[in-house]
Every structure is written in structure tokens, then in C-alpha cells.
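For reference, the chains in residue letters:
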Amino acid sequence: MKLVIAIIQPSRLEDVKEELYRADVNLITVSEVLGHGRQKGVTEIYRGAREHGNLLRKVRLEIAVNDNFVEPTIKAIIKGAKTGETGDGKIFVLSMTECVRIRTEERGGIAIG
Ligand SMILES: Nc1ncnc2c1ncn2[C@@H]1O[C@H](COP(=O)(O)OP(=O)(O)OP(=O)(O)O)[C@@H](O)[C@H]1O
Ligand SMILES: [Mg+2]
């Protein structure tokens, strides 16, 4: 089990969601966050609203998947989010030790989706 965390441009969210659904990835958590990458928010100001000095508005996706879904999930995010410009975002893949569906108390891979 892995937790895929992606930080993307807010304007790419709809396209990323569409690509994820196409890849049969249907469970997702979305948050609005602030951040900057290695340009420290300086060169991509035109792409989005600046907040708190050099921090830019981003969207954070959290997607818990079974191992065979990691690559399709990464590919879908890239397909929806990549423009080739700085600030397209980043994907982090973390090992996940447990998942529990509260309603049924199912655990592990079966509880993910
Ligand atoms: N190493 C990191 N740790 C935590 N958050 C990060 C890291 N790298 C990027 N982020 C987050 O992802 C967002 C998008 O990063 P961004 O695409 O600008 O990465 P980058 O490394 O600067 O690449 P690029 O040169 O393509 O812009 C940032 O605004 C920040 O919120
Ligand atoms: Mg950057």
C-alpha cells in the first residue's frame, strides 16, 4: 500500500481528476495549500495568486492505493498536470502501513477502494 501525495496547480485539478477517473482511481482527498518550489515562488507568479509573501496557492491531492495502482496514478497525475512550465508540481510516494474502513472495520488493501 502506498500514499501518493501530489502538489499541483489549482488550474489543473479538473484535468487531473478526469485522468484519475480514467485510470480507475476514484478515491481522493483534495486540500488547498500554500507552497513554493525551488524558484521560491518568484518566476511563476503569473500562474497564480500570491499569498503570504512568496507562497503560491496550490492544490494537494492524497490518494491511497494498492501497489499495482501506483504507476497508473502517477501517470494520470502527470497527464493532467504537466504543461512543461516551472511550477507544474510534484508527486511524493510514501509507504503506507495500514488503512481501515471505519464503517466495516476492514483493514489493508481491501479497505483502500
Ligand atoms: N521538496 C519539496 N518539499 C515539499 N514541498 C515541495 C517540494 N518540492 C515542491 N513542493 C511543493 O510542490 C509545489 C510545486 O513545486 P514545483 O513544481 O515548483 O517544484 P520545483 O522543484 O520548483 O520544480 P520546477 O523547477 O518544475 O518548478 C511547491 O509549491 C511546493 O508546495
Ligand atoms: Mg518550481
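Residues numbered from 1 in each chain as written. Chains lettered and ligands numbered in written order. Predicted model: local features only at pLDDT ≥ 70, side-chain atom pairs only at ≥ 80, totals over all residues. Heavy atoms only, no water.

**Student:** Explain the overall build of the protein residue by residue, including any values.
**Tutor:** Within the protein one finds 3 helices and 7 strands. If you list the helices and strands of the protein from N to C, you get β-α-β-β-β-α-β-β-β-α. Principal axes of the C-alpha set define a box for the protein whose edges measure 45 × 25 × 20 Å. For the protein, the residues scored as buried account for 29% of the 113 residues in total. Looking at the protein alone, contacts between residues at least 24 apart form 73% of all its contacts between residues at least 6 apart. (Helix = DSSP H or I, 4+ residues; strand = E, 2+ residues; numbered from the N terminus. Buried < 20%, exposed > 50% of the residue type's maximum accessible area, 1.4 Å probe, protein only. Contact = heavy atoms within 4.5 Å.)

**Student:** Give me the site of ligand 1: which residues, what numbers.
**Tutor:** The environment of ligand 1 is made up of 14 residues, and the closest members are Arg38, Gln39, Gly87, Gly89 and Lys90. At a separation of 3.1 Å, an oxygen atom of ligand 1 approaches a polar backbone atom of His36. Arg38 is positioned such that a nitrogen or oxygen atom in its backbone is 2.8 Å from an oxygen atom of ligand 1. Protein coverage of the free-state accessible area of ligand 1, which is 600 Å², stands at 71%. Counting residues per element, the shell around ligand 1 draws most heavily on strand 5 (residues 89-95), which supplies 3 residues. In the shell around ligand 1, the residues fall into 2 nonpolar, 7 polar and 5 charged. (Near = heavy atom within 4 Å. Polar contact = N/O pair within 3.5 Å; in protein donor to acceptor, adjacent residues only side chain to side chain. Areas by Shrake-Rupley, 256 points an atom, 1.4 Å probe, with all protein chains shown as cover. Nonpolar A, V, L, I, M, F, W, Y, C, P; charged D, E, K, R; others polar.)

**Student:** Please set out the environment of Leu55 residue by residue, giving values where relevant.
**Tutor:** Its location among the elements puts Leu55 in strand 4 (residues 55-65). We classify Leu55 as partly exposed; its relative accessible area is 26%. Sequence separation between Leu55 and Lys79 is 24 residues; the distance between their C-alpha atoms is 25 Å.

**Student:** Help me get a handle on the pairing of strand 1 (residues 2-8), residues and values and all.
**Tutor:** Pairing between strand 1 and strand 4: 7 bridges, direction antiparallel. Counted as the bridge partner of Leu3 is Ala64 from strand 4. (Pairing = 2+ DSSP bridges.)

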